[in-house]
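So you can see what is in the structure, the chains are spelled out below.
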Amino acid sequence: MQHRKLAFIGAGNMTRSIVAGLVSSGYPKELIIASNRSRPKLDALQEELGIKVTQSNDEAIAFADAIVLSVKPQMMEDVCAAFDQSIDLSGKLFMSIAAGLPVARLQEMLGGKYPLVRIMPNTPSLLGQGMSGLYANADVSDSDRDYVTGVMGAVGKTLWVEKEDDINGVIAAAGSSPAYFFLFLQAMQEECMAMGFNQQDSRQLVQQAMLGAAQMVCENPQLELSELRAQVTSKGGTTAAAVNSLIDSDLQGIVAKAMQAAVARADEMANLF
Ligand SMILES: NC(=O)c1ccc[n+]([C@@H]2O[C@H](COP(=O)([O-])OP(=O)(O)OC[C@H]3O[C@@H](n4cnc5c(N)ncnc54)[C@H](OP(=O)(O)O)[C@@H]3O)[C@@H](O)[C@H]2O)c1
């Protein structure tokens, strides 16, 4: 992986996770700086991960060749507007992990057309099991792409999309989907409890089944999902009875409708900030 001088503007949960992933994968600590409005998170990052920290966004930007904008979307405009205009930003690579902010809007906020990658991470990135969608503007080089793949690879898997609209598909499939799985598990847990298991046992039954199933999916990339299902579904058996009930209730249609709702909301949110 390439090692560039890297700044994080905003040192919240997502920054902390990415930095932890980078440091544990051997990225030189002295090349990473994080800036934050208040001090406590910076002190923790410095003590625990050994990176440089500052309360000055300008100091972080001046130091780095690559800059991750990691504040909340509604803060982004004010944060960018406050950058010291005398700092030469030419040649610097920008990455934004702010949910819902389109590249054109980010360029407006930065006041120039810099190489810019929009990143859509998801919450499991906080545990190093993320799935991030990446979209680059025309000024991003192949080498920049490799670099960003490495940075986000520190907290999970990455997928480049060639059309910015496809980021909304990433949101529907990976950004929002941990909550779909939680909802499905909750429904299963509640039914376990209705069958008489206590809450803790119900949770263990469903969460371990989910973990095992996810592992089977990941460890058998050569098998289609439908084949994996067929392998565990004997004709006339209990699994077949349950799966047929889900199919008869149009699970596929329900899921499609939910994912389209996420895409529609992502479209609306692109105009919010
Ligand atoms: N967490 C997720 O799962 C997730 C998933 C997808 C996308 N994202 C995106 O990732 C970005 C960061 O999210 P997060 O969860 O890490 O948020 P967070 O924990 O709230 O972190 C945001 C940080 O920005 C700092 N900040 C605010 N104003 C600032 C300023 N003017 N200068 C410097 N720092 C400033 C805040 O400092 P204080 O401590 O002083 O308030 C805070 O530490 C967001 O845009 C979010 O949309 C997050």
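Just above sits the structure.
Since this is a predicted model, take the numbers as computed values, not measurements.

Undergrad: How should I be thinking about helix α6 (residues 142-153) in this particular structure?
TA: What sets the pattern is the α-helix's 3.6 residues per turn: residues three or four places apart point alike. When the terminal C-alpha atoms of α6 are compared, their 16 Å separation across twelve residues agrees well with the 16 Å that a helix rising 1.5 Å per residue should span. Restricting attention to buried positions, one finds in α6 the residues D144, Y147, V148, G150, V151 and M152.

Undergrad: I would appreciate a short explanation of the pattern of salt bridges in the present structure.
TA: Side-chain pairing between opposite charges can occur once the charged atoms of the two side chains come close. Summed over the entire model, instances satisfying the criterion amount to ten salt bridges. Here E77 ties to R105 by a salt bridge, and the two come within 3.1 Å at their closest N and O atoms. Here the residue E77 occupies a position in helix α4 (residues 73-81), and R105 occupies one in helix α5 (residues 103-110), the gap between them amounting to 28 residues. With a relative accessible area of 42%, E77 lands in the partly exposed category. Among the ionic pairs, E164 bridges to R118, the shortest N-O distance being 2.8 Å. With E164 in the loop between β8 (156-160) and α7 (166-175) and R118 in strand β6 (residues 116-120), the pair connects residues that are 46 residues apart, well separated along the chain. Given a relative accessible area of 6%, R118 falls into the buried group.

What counts and what doesn't
Residues numbered from 1 in each chain as written. Predicted model: local features only at pLDDT ≥ 70, side-chain atom pairs only at ≥ 80, totals over all residues. Heavy atoms only, no water. Helix = DSSP H or I, 4+ residues; strand = E, 2+ residues; numbered from the N terminus. Expected span 1.5 Å × (residues − 1). Buried < 20%, exposed > 50% of the residue type's maximum accessible area, 1.4 Å probe, protein only. Salt bridge = Lys/Arg side-chain N within 4 Å of Asp/Glu carboxyl O.

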